[in-house]
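Descriptive analysis of the structure
These are the residues of each chain, in order.
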Amino acid sequence: VQLQASGGGLVQAGGSLRLSCAASGRIFGSYTSGWFRQAPGKAREFVAAIRWSGGSTYYADSVRGRFTISRGNAKNTAYLQMTSLKPEDTAVYYCAAGAGIITTALMSDNQYDYWGQGTLVTVSS
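In this text the structure is predicted, and so the values were computed from the model without any measurement. (Residues numbered from 1 in each chain as written. Predicted model: local features only at pLDDT ≥ 70, side-chain atom pairs only at ≥ 80, totals over all residues. Heavy atoms only, no water.)

A look at the environment of Leu3
Stated formally: Elements are defined by DSSP. Helices are runs of H or I of four residues or more, strands are runs of E of two residues or more, and each kind is numbered from the N terminus. When a residue's accessible area, from a 1.4 Å probe over protein chains only, is under 20% of the maximum for its type it is buried; when over 50% it is exposed; and in between it is partly exposed. The contact rule is simple, with two residues in contact once any of their heavy atoms fall within 4.5 Å.
Structurally, the position occupied by Leu3 is in strand E1 (residues 2-6). Residue classification places Leu3 among the buried residues on the basis of a relative accessible area of 9%. Sequence separation between Leu3 and Asn76 is 73 residues; the distance between their C-alpha atoms is 9.4 Å. If near-sequence neighbours (up to four positions away) are discounted, Leu3 is found in contact with Cys21, Ala22, Ala23, Cys95, Ala96, Ala97, Tyr114, Trp115, Gly116 and Gln117.

Here it is as structure tokens:
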């Protein structure tokens, strides 16, 4: 499985962006797609995740209510709709995918087997 993230850019505070993560290869129902981000000088952190089977979603507290993760009907693309963006959302955003991740481990980046190359989101104040 290869992942390709896109959609990053420069946006003013309060604005919106939608990130996409296209997967090539076969995504099985047991897979989970996730978004992580890494700001300069900080560790990579969990943003959101979605189960391909059933569509359950999970969010970091810092983005809940502002970001929405979803998947395409073809099951090979995941999206992250980001609204009410803040300067502290500035980071490189990575999409990831993994199989058989239990709910309590969704926020751990070492649970994900496949990673995209990252896309930069810059929010100006």
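There is more to say, and it comes next.
Looking at the sheet that holds strand E3 (residues 17-24)
To be explicit about the condition: Pairs of strands are assigned from DSSP output, requiring at least two bridges between the strands. Between N-to-C directions, angles span 0 to 180 degrees; the directions come from axes that are lines fitted to C-alpha atoms, helices contributing only their stretch in contact.
The strand order across the open sheet formed by four strands is E1-E3-E8-E7, and the pairing between neighbours is antiparallel. If you trace the sheet from one side to the other, it starts and ends with E1 and strand E7 (67-71), each paired once. For this sheet, the mean inter-axis angle between neighbouring strands, taken without regard to orientation, is 15 degrees. Note that E3 and strand E8 (residues 77-82) share six bridges and pair antiparallel. Each bridged residue has a counterpart across the sheet, and for Leu17 the counterpart in E8 is Met82.

Remarks on the state of the cysteines
Heads up, the condition is: Here, two cysteine sulfur atoms that lie within 2.5 Å of each other are counted as a disulfide.
This structure, assessed with the given rule, holds one disulfide. The disulfide partner of Cys21 is Cys95, and the gap between their sulfur atoms is 2.2 Å. Disulfide Cys21 to Cys95: torsion about the S-S bond roughly 70 degrees, handedness right-handed. Of this pair, Cys21 sits in strand E3 while Cys95 sits in strand E9 (residues 91-99), and the two are 74 residues apart along the sequence. What makes Cys95 buried here is its relative accessible area of 1%.

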